[in-house]
Amino acid sequence: MSQVPDMSDAGAVGRPFARMKELIRTNDVVRLSWAQARLGEAGIDSLVLDHHTSLVEGSIGAIPRRLMVAEHDHARARALLAAAEEELR
C-alpha cells in the first residue's frame, strides 16, 4: 500500500510539496511570460494555473491565468517583480 506524503511540513525549502501562493493573475500572456522569465533568472520556480481553462473559454478573457510561487518565495518574488516593473517605467 502506498503512503500519502506528509503535507504538514510543506513549504519548507527542499520539500517537493511546497504550498503555493498566487503572485499575479492576468490575461496578458506577454506579462505572464515576462514575469516567469524574471523569476527563473532569480532561481524562483513558478507555475501557471488555469492555462488550459483560459484557452478553452476562448478569447473573451473571462478566466485569467494565475502565476503561482512557493509560499516561502512569495515575498522575494513580489519584490523582484515590483523592482523589475519599476525599471520599465
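Coordinates for the structure precede this section.
In this text, all values refer to a predicted model and were calculated from it rather than measured experimentally. (Residues numbered from 1 in each chain as written. Predicted model: local features only at pLDDT ≥ 70, side-chain atom pairs only at ≥ 80, totals over all residues. Heavy atoms only, no water.)

A look at the nonpolar core
Counting residues in hydrophobic clusters, the biggest one holds 10 residues: Leu-23, Ile-24, Leu-32, Ala-35, Leu-39, Ile-44, Leu-67, Val-69, Ala-77 and Leu-81. For this core, the secondary-structure elements that each account for two or more residues are strand E1 (20-26), helix H1 (29-41), strand E3 (65-70) and helix H3 (74-87). Here this core gets three residues from one element, more than from any other, and that element is H1. Aside from chain neighbours lying at most four places away, what touches Val-69 is Arg-19, Met-20, Lys-21, Leu-23, Leu-39, Ile-44, Asp-45, Ser-46, His-74 and Ala-77. (Core = buried A, V, L, I, M, F, W, Y, C linked by side-chain atoms within 4.5 Å. Buried < 20%, exposed > 50% of the residue type's maximum accessible area, 1.4 Å probe, protein only. Helix = DSSP H or I, 4+ residues; strand = E, 2+ residues; numbered from the N terminus. Contact = heavy atoms within 4.5 Å.)

Quick notes on the environment of Leu-80
In this fold, Leu-80 is placed in helix H3. Under the relative-accessibility criterion, Leu-80 is labelled partly exposed at 25%. Each C-alpha atom, one on Leu-80 and one on Ala-35, is 9.4 Å from the other, the two residues being 45 residues apart in sequence. Ignoring anything within four residues of it in the chain, the contact list for Leu-80 reads Arg-38, Leu-39 and Ala-42.

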